[in-house]
Amino acid sequence: MSEAIAIWAPVIISRLEKPGRLQEQYRCALDQTFKSIEDLKIKVRQMTVQPRGRSLEAIFKLDALCLLEDHLGEMQLISREITARQRLSRQEFINTDIMDKMLVFVINLLNADARATLQQGELQIDYYIDYLVLATREQIVSLSTEEQGRTVSKVSELVARLQQEVNQLQGENRQLRHKIYLYEKDILSLKKGVYKAEKQSQQLNGEVDYYRGLTEQLQEAIKDKEARLIRYENPYYPTGAMSEEEASGLGKRIKRLFAASS
């Protein structure tokens, strides 16, 4: 016959008849405009149950991390703390009076998820939380040796599951940090490319200005050469502008020269 021992432990007296779902929307104004949402993570940081008259209120404190991209391609991580509340009536619990002051309420988180959208300079986060509330009371519990073994096994399983959840969260955080690193690396490469293109553009603009000035100099030189050729071929062609009367007198003199030489 196995030896029994007695321990003082919390015992589940009652619970919600069915899991509760809290579904709400959180809004916050942004101090700048963003192009898109790259990633969103939501974490339930704290869960409590408080008496409210003849009912209870489940209170959840959430941490929301949102990775946003602006119109220049730069990434910015925004964190927000959200407090969500939901009233619970006595009729939702089974087999007990939830107003018993000896009861301690524990929330068992089942699931939590969220999605985010950008609307006219405002970040909107739609989230939901699935949970179960347990009503517990401290009392003496007798355990046999076999039950002790089963209890230790269940505790070990619970610890292993919690460790798995911690490892999963750590992995998600590493992935998020790696994403941010890659985004920052891409942005730095893009900035270097823009700087190089601007430098090349300045160099090309300088070359264009140089060749434009050189073209103007060549045009002036061609005009000057053409003028010298005209004067060389026609030594009587005046260098300055002539009036109509001067042009007529010059023509008469040229005719007399041709007449004298014939």
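Because the structure is a prediction, the values reported are computed rather than measured.

Participant: Explain the overall build of the chain to me, please; I cannot follow it from the model alone.
Facilitator: A count of helical and extended segments in the chain gives two helices and seven strands. Considering the chain as a whole, with its 262 residues, one finds that 22% of them fall into the buried category. Contacts spanning at least 24 positions in sequence make up 72% of the contacts within the chain whose residues lie at least 6 apart. As displayed, the chain offers around 19500 Å² of accessible surface, 52% of which is attributable to carbon and sulfur atoms.

Participant: Is there a simple way to think about a nonpolar patch on the surface in this case?
Facilitator: There is a patch of nonpolar side chains on the surface, built from Y210, Y211, L214, L218 and I222 and spanning about 530 Å² of accessible area. Examined against the element boundaries, L214 turns out to sit in helix 1 (residues 145-233). For L214, a relative accessible area of 31% corresponds to the partly exposed category.

Participant: I would appreciate a short explanation of the sheet that holds strand 3 (residues 36-52) in the present structure.
Facilitator: By way of backbone hydrogen bonds, the strands of a sheet pair with one another, either parallel or antiparallel. In space, the three strands of this open sheet follow the order 3-4-5, with antiparallel pairing throughout. At either margin of the open sheet sits one strand with a lone partner, and together these are strand 3 and strand 5 (75-88). This sheet shows a mean twist of 15° between the axes of neighbouring strands, independent of strand direction. Sheet topology places strand 3 next to strand 4 (residues 55-69); 15 bridges connect them, and they run antiparallel. Residue pairing across strands places I42 opposite A64, the latter belonging to strand 4.

Participant: Help me understand the confidence of the model for the chain, please; the structure alone is not making it clear to me.
Facilitator: In low-pLDDT regions, the fine details of the predicted coordinates are not to be read closely. Mean pLDDT over the chain: 79, with 81% of residues reaching 70 or higher. Looking at the elements of the chain, mean pLDDT is at its lowest for helix 2 (residues 244-261), recorded as 58, and at its highest for strand 2 (residues 20-29), recorded as 93.

Participant: Please clarify how the pairing of strand 5 should be interpreted in this entry.
Facilitator: The side chains of a regular strand alternate, first on one face of the sheet and then on the other. The pairing of strand 4 with strand 5 spans 14 bridges and is antiparallel. Across the sheet, F60 pairs through a bridge with A84, a residue of strand 5. Connecting strand 4 to the next strand, strand 5, in antiparallel fashion are five residues, including G73 with a positive phi near 85°.

Participant: Sorry if this is basic, but what is going on with the nonpolar core here?
Facilitator: Where a protein is soluble and globular, its nonpolar side chains tend to be buried together. Counting 36 residues, the largest nonpolar core has L56, F60, F93, F105, Y131 and V133 as the members making the most contacts within it. Listing elements by their share of this core, those giving two or more residues are strand 2, strand 3, strand 4, strand 5, strand 6 (104-119) and strand 7 (122-143). Setting aside residues up to four positions removed in sequence, F105 forms contacts with V49, L56, F93, I98, V133, L134 and A135.

Participant: So what exactly am I meant to see when it comes to the state of the cysteines here?
Facilitator: Two cysteines whose sulfur atoms are joined by a covalent bond form what is called a disulfide. On inspection of all chains with the given rule, the structure shows zero disulfides. C28 takes part in no disulfide bond, and the closest cysteine sulfur to it belongs to C66, at a distance of 8.3 Å. Overall, the relative accessible area of 8% leaves C28 in the buried class.

Participant: How should I be thinking about the packing of aromatic side chains in this particular structure?
Facilitator: The relation between two aromatic rings is expressed through the spacing of the ring centres and the mutual angle of the planes. Under the criterion given, the structure shown has two aromatic pairs. Taken together, a centroid distance of 6.0 Å and an interplanar angle of 70° make the contact between F93 and F105 edge-to-face. Of this pair, F93 sits in the loop between strand 5 and strand 6 while F105 sits in strand 6, placing them 12 residues apart in sequence. Over the aromatic face of Y128 sits the side chain of R21, whose NZ or CZ is 4.1 Å from the ring centroid.

Participant: When you look at the side chain of Q124 in this model, what are you seeing that I'm missing?
Facilitator: Along the chain, Q124 falls in strand 7. Filtering out sequence-adjacent residues up to four positions away, Q124 remains in contact with Q25, Y26, R27, R115, A116, T117 and Q119.

Participant: Sorry if this is basic, but what is going on with the pattern of salt bridges here?
Facilitator: Pairs may arise between side chains of opposite charge once their charged atoms sit close together. Evaluated as defined, the whole model comprises seven salt bridges. The partner of R21 in a salt bridge is D130, with the nearest N and O atoms 2.7 Å apart. A residue pair is termed long-range when its members are at least 10 positions apart, and R21 in strand 2 and D130 in strand 7 qualify at 109 residues. Assessed through its relative accessible area of 42%, R21 is described here as partly exposed. Note that D209 and R212 form a salt bridge whose closest N and O atoms lie 2.9 Å from each other. Placement of both D209 and R212 in helix 1 is noted, with a separation of three residues, approximately one turn of the helix. The partly exposed category is assigned to D209, whose relative accessible area is 46%. Overlapping salt bridges, with partners in common, bring together R45, D63 and E81 in one network.

Conventions used here
Residues numbered from 1 in each chain as written. Predicted model: local features only at pLDDT ≥ 70, side-chain atom pairs only at ≥ 80, totals over all residues. Heavy atoms only, no water. Helix = DSSP H or I, 4+ residues; strand = E, 2+ residues; numbered from the N terminus. Buried < 20%, exposed > 50% of the residue type's maximum accessible area, 1.4 Å probe, protein only. Contact = heavy atoms within 4.5 Å. Areas by Shrake-Rupley, 256 points an atom, 1.4 Å probe, with all protein chains shown as cover. Patch = residues over 30% accessible without salt bridge, like charges linked within 9 Å, V, L, I, M, F, W, Y side chains within 5 Å. Salt bridge = Lys/Arg side-chain N within 4 Å of Asp/Glu carboxyl O. Pairing = 2+ DSSP bridges. Axes fitted to C-alpha atoms, helices over the stretch in contact; angles between N-to-C directions. pLDDT = per-residue confidence, 0-100. Core = buried A, V, L, I, M, F, W, Y, C linked by side-chain atoms within 4.5 Å. Disulfide = S-S within 2.5 Å. Phe/Tyr/Trp six-rings, centres within 6.5 Å; stacked < 30°, edge-to-face > 60°. Lys NZ or Arg CZ within 6 Å of the ring centre and 35° of its normal.

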